Amino acid sequence: MSEEPKVDRLIDARNTFCPGPLMELIRAIKEAKVGEVIGVLSSDTGSKRDIPLWTSKAGHKLIGIYEKAGYAEIVVQKIK
Amino acid sequence: MSKKIVIVGGGPAGTIVANLLTKKLKKEEASVTVIDKTGRHVYEPGLLYVTLSDQDPKGIVKDEKDILNKKVRLIVDEATKIDTKRKMVEMKSGNRFDYDYLIIATGARLCPEEVPGLKEAAYHFYTVDEALKLKDALEKFDKGKIVIGVGGVPYKCPPAPAEIACFLDYKLRKRKTRDKVEIHYLSPLPRIFPIESVDPIVNKIFEKEGIKYTTFFNVESVDPKRKEVHSLEGETIGYDLLILIPPHRGSKVIEDSGLGDRGGWVPTDRYTLKVKGYDDVYAIGDATDLPISKSGAAAHYEAKVVANNIASEIKGIESRDKYNGKVVCLCDAGNKAIYMIILQSPLVPDGSIVC
């Protein structure tokens, strides 16, 4: 696995379901400046499917999904 | 010496924590003061019924003094600055209150101006006045397309927009105008309901009742002239009547005091509910940056933890409670056989959802 990127903002959304990790990411992306990198910690396995889908649809960049013990760190860069 | 506990905000969070503290602590142990800018307490879940049912707004608005324990001192004034160095809250009137413990319960603020076109084009039901305006508009609306969505995340009560879509369907069927009205729901997520395990239940109702929906639709702007909503994902949806929950931010006093993050939410420890970096300042309810639903139910459970911990500290008891992320949520779809969903979303490891 490549070296993990540095993030400008890290959101710990582990073990949360409502509104959930994707909603937390959308909020952070809206608040971020173009070029900033957001990391989301999620223990919800659905996030590994939903976050890349949304990132692609919204035109941002999925930098990577990094597996940890019991959760994943999903890293996204704001592109526009 | 008696400790001074100051609570900023008289919503569910501030009211519950104040009442619990006065039950747990004697007068000689602590004084409890609630600062609230209106002095009126609105039971916000009732706004759905003001909009679509015969709920009289008077029944969901009470004087804050009537629901606070008599031992709580209520100050009806606006907090304009929280000075954590001098341990003091400054008021619009010029008065100041110093504290030994501060509880921030300042809630969320509706900011329709953050989405271009939203304020002039969209209805919502998150205040009494707006709920009454929407009620009036819906009563006159007998054909066309109603679009329902949220103007931004986070927002209070995540199920509320899906709730009003179902409730509206029920109402229109009762009025026998449902066949002339299209209901179109916009979800910011890849599904209708925020919680994946609950989504199939809500999806089934949408399919059965013919409520249309578009997923991954995060509102970017509204064009009132063309009657169109644009998403940041690049889609456009037309409407005849638009219901959009305005974007939310943290309270102005939080932003003016430099205590909030970019959204004005207070960085809060998810277990102790202390504001990060402080030992004598707590935050509860919608004001926090915690990744849980902004709802009175979350505030209720958080208030218990903070009241217990402050009371224990004052009494010299060592044990401390931790907030476990509990939230209970009831949803009313307005069907003849009203359905309800109860869920809990623990923040603690190995948490599970109970439906």
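What you see is a predicted model; the values in this text were computed from it and never measured.

Some words on the overall build of chain A
Thought 1: In terms of helices and strands, chain A carries two helices and four strands.
Thought 2: Scanning chain A from its N terminus toward the C terminus, one meets helices and strands in the order β-α-β-α-β-β.
Thought 3: For 80 residues, the compact-globule formula gives about 12 Å, and the C-alpha radius of gyration of chain A, at 11 Å, lands near that figure.
Thought 4: Based on the C-alpha atoms only, the size of chain A along its principal axes is roughly 30 × 30 × 20 Å.
Thought 5: Contacts spanning at least 24 positions in sequence make up 62% of the contacts within chain A whose residues lie at least 6 apart.
Thought 6: Of the roughly 3,600 Å² of accessible surface on chain A, a fraction of 52% belongs to carbon and sulfur atoms.
Thought 7: Charged side chains of chain A number 13 positive and 11 negative; the gap between the two group centres comes to 6 Å.

Concerning the overall build of chain B
Thought 1: Summing up its helical and strand segments, chain B has nine helices and 19 strands in all.
Thought 2: Here the C-alpha radius of gyration of chain B, 21 Å, is about what a compact globule of 355 residues would show, namely 20 Å.
Thought 3: Principal-axis analysis of the C-alpha atoms places the extent of chain B at approximately 70 × 45 × 40 Å.
Thought 4: Counting all 355 residues of chain B, 57% fall into the buried class.
Thought 5: Surface summary for chain B: the accessible area is close to 15,700 Å², and the carbon and sulfur share equals 49%.
Thought 6: Distance between charge centroids for chain B: 3 Å, based on 55 positive and 51 negative side chains.

Overview of the sheet that holds strand 15 (residues 228-231) of chain B
Residue and element names in this part refer to chain B.
Thought 1: The three strands lie next to each other as 14-15-16, forming an open sheet whose pairing is antiparallel. Among the strands making up the open sheet, the edge pair consists of strand 14 (219-223) and strand 16 (236-238). Ignoring which end each strand starts from, the neighbouring axes of this sheet average 20° apart.
Thought 2: Relative to strand 15, strand 14 runs antiparallel, the two sharing four bridges. If you follow Asp223 over to strand 15, its bridge partner there is Glu228.

Comments concerning the sheet that holds strand 3 (residues 61-67) of chain A
Residues and elements named next belong to chain A.
Thought 1: One open sheet accounts for four strands, arranged 1-2-4-3; its pairing is mixed. At either margin of the open sheet sits one strand with a lone partner, and together these are strand 1 (9-12) and strand 3. On average, each strand axis in the sheet is inclined to that of its neighbour by 15°, with strand direction left out of account.
Thought 2: Relative to strand 4 (residues 72-77), strand 2 (residues 37-42) runs antiparallel, the two sharing six bridges. Bridge assignment links Ser42 to a residue of strand 4, and that residue is Ala72.

What to know about the interface of chain A and chain B
Thought 1: On the chain B side, the residues contacting the 28 residues of chain A number 37 residues.
Thought 2: For the pair chain A and chain B, the number of links is six salt bridges.
Thought 3: The interface formed by chain A and chain B includes eight residue pairs in polar contact (both at pLDDT 80 or more).
Thought 4: Among the elements of the structure, strand 1, helix 1 (21-31) and helix 2 (47-58) of chain A are those that each provide at least two residues to the side of chain A that touches chain B.
Thought 5: Sorting elements by how many residues they give to the side of chain A that touches chain B places helix 1 of chain A first, with seven residues.
Thought 6: When grouped by side-chain class, the residues that make up the side of chain A that touches chain B number 11 nonpolar, three polar and 14 charged.

Digging into the domain arrangement of chain B
All names here are of chain B.
Thought 1: For chain B, the domain assignment lists domain 1 (3-109 + 249-315) and domain 2 (112-246).
Thought 2: If you average the C-alpha positions of domain 1 and of domain 2, the two centres end up 30 Å apart.
Thought 3: Taken together, the 18 residues of domain 1 in the interface contact 20 residues of domain 2.
Thought 4: Around 1,600 Å² of area is buried between domain 1 and domain 2 when both sides are counted, 70% of it from carbon and sulfur atoms.
Thought 5: It is Leu48, Thr51 and Leu52 that lose the most area in domain 1 upon contact with domain 2, and together they represent 39% of the buried surface on that side.
Thought 6: The partner of Arg249 in a salt bridge is Glu114, with the nearest N and O atoms 3.4 Å apart.
Thought 7: Put simply, domain 1 and domain 2 have five residue pairs in polar contact (both at pLDDT 80 or more) between them.
Thought 8: It is helix 2 (residues 47-52) that provides the largest number of residues to the side of domain 1 that touches domain 2, a total of six residues.
Thought 9: Each residue belonging to the side of domain 1 that touches domain 2 can be placed in one class, and the counts come to 10 nonpolar, three polar and five charged.

Here's the deal with the packing of helix 1 of chain A against helix 2 of chain A
Residue and element names in this part refer to chain A.
Thought 1: For the pair helix 1 and helix 2, the least separation of the axes is 10 Å and the interaxial angle reads 30°. It follows that helix 1 is roughly parallel to helix 2 by the angle criterion. In this structure, helix 1 meets helix 2 at a crossing whose hand is right-handed. Contacts between helix 1 and helix 2 involve Pro21, Leu22, Leu25, Ile26 and Ile29 from the first element and Ser47, Asp50, Ile51, Trp54 and Thr55 from the second.
Thought 2: When its residues are assigned to classes, the contact of helix 1 with helix 2 shows seven nonpolar, two polar and one charged.

The rules behind each value
- Residues numbered from 1 in each chain as written.
- Chains lettered and ligands numbered in written order.
- Predicted model: local features only at pLDDT ≥ 70, side-chain atom pairs only at ≥ 80, totals over all residues.
- Heavy atoms only, no water.
- Helix = DSSP H or I, 4+ residues; strand = E, 2+ residues; numbered from the N terminus.
- Rg over C-alpha atoms; globule rule 2.2 N^0.38 Å.
- Contact = heavy atoms within 4.5 Å.
- Areas by Shrake-Rupley, 256 points an atom, 1.4 Å probe, with all protein chains shown as cover.
- Lys, Arg positive; Asp, Glu negative; His and termini not counted.
- Charge placed at Lys NZ, Arg CZ, Asp CG, Glu CD.
- Buried < 20%, exposed > 50% of the residue type's maximum accessible area, 1.4 Å probe, protein only.
- Pairing = 2+ DSSP bridges.
- Axes fitted to C-alpha atoms, helices over the stretch in contact; angles between N-to-C directions.
- Salt bridge = Lys/Arg side-chain N within 4 Å of Asp/Glu carboxyl O.
- Polar contact = N/O pair within 3.5 Å; in protein donor to acceptor, adjacent residues only side chain to side chain.
- Nonpolar A, V, L, I, M, F, W, Y, C, P; charged D, E, K, R; others polar.
- Domains from an automatic or database assignment.
- Buried area = accessible area lost by both parts, 1.4 Å probe.
- Parallel < 35°, antiparallel > 145°, perpendicular 65-115°, else oblique.
- Left-handed = near helix turned anticlockwise from the far one by under 90°.

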